[in-house]
Amino acid sequence: MAKGYWVARVDVSNEEAYGRYRELNSIAFRKYGAKFLVRGPAGKVAKGTPRKHNVVLEFEDYETALACYESPEYQAAKVHLDSVGEIDLVIVPGTEP
């Protein structure tokens, strides 16, 4: 079964909200087995708009990635994410090995 991924790009303008979001999202990420593959500043931006923070999370499968996003634990964190700054977040299925 193919893995599931969250791909996020964030420009933080409210550090306090971002800190609270990160505290709370860890609860959901632990519960749903999220694994950070990328968590850091932009490297080379080959095309498009750069963001300060880039994150790739891996989940057991696409359904688990969606379940994490829709969970009460993540939705409690998301309240703070909405006031963090500019955010792009996509949830995508991986390819079969």
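You'll find the structure just up there.
Only a predicted model underlies this, so the values are computations on that prediction, with no experimental measurement involved. The residue numbering used here restarts from 1 in each chain and proceeds along that chain's sequence as written. Local features are withheld for residues below a pLDDT of 70 in this predicted model, meaning they are given only at 70 or higher, and side-chain atom pairs are given and counted only at 80 or more; totals for whole chains, interfaces and linings count all residues. Note: side-chain values were computed over all heavy atoms of the structure, leaving out hydrogens and water.

Can you break down the sheet that holds strand β1 (residues 4–12) residue by residue, with the values?
Two strands pair under a simple rule: DSSP has to find at least two bridges between them. Per the convention used, a helix needs a DSSP run of H or I reaching at least four residues, while a strand needs a run of E reaching at least two, with both numbered from the N terminus. If you walk across this open sheet you meet the 4 strands as β2-β3-β1-β4, and the pairing is antiparallel. What marks the edges here is a single partner per strand, and that holds for β2 (35–40) and β4 (85–93). Strand-to-strand twist across the sheet, computed as the mean angle between neighbouring axes with direction ignored, equals 10°. Pairing of β2 with strand β3 (residues 53–59), which is carried by 5 bridges, proceeds in the antiparallel orientation. Lines fitted to C-alpha atoms define the axes here, with helix axes fitted over just the stretch in contact, and angles between the N-to-C directions of these axes take values from 0 to 180 degrees.

Talk me through the packing of helix α2 (residues 62–70) against helix α3 (residues 72–81); I want residue IDs and the actual numbers.
Running from N to C, α2 and α3 cross one another at 55°; their axes reach a closest spacing of 5 Å. Here α2 lies oblique to α3, going by the angle between them. Listed contacts from α3 to Cys68, Tyr69 and Glu70 of α2 are Pro72, Tyr74, Gln75 and Lys78. Just so you know the grouping, Ala, Val, Leu, Ile, Met, Phe, Trp, Tyr, Cys and Pro go in nonpolar, Asp, Glu, Lys and Arg go in charged, and all remaining residues, Gly too, go in polar. Residue classes in the contact of α2 with α3 are distributed as 4 nonpolar, 1 polar and 2 charged. Convention used here: angles under 35 degrees read as roughly parallel, angles over 145 as roughly antiparallel, angles from 65 to 115 as roughly perpendicular, and any remaining angle as oblique. Whether two residues are in contact is decided by their heavy atoms: any pair within 4.5 Å suffices.

Could you give an account of the side chain of Asn25, with specific residues and numbers?
Summarising the element assignment, Asn25 is placed in helix α1 (residues 15–31). Each residue is placed in one exposure class: buried if its accessible area under a 1.4 Å probe, protein chains only, is under 20% of its type's maximum, exposed if it is over 50%, and partly exposed if it falls in between. With a relative accessible area of 5%, Asn25 lands in the buried category. Not counting chain neighbours up to four residues away, the residues in contact with Asn25 comprise Tyr74 and Ala77.

Coordinates in, geometry out; function isn't part of it.
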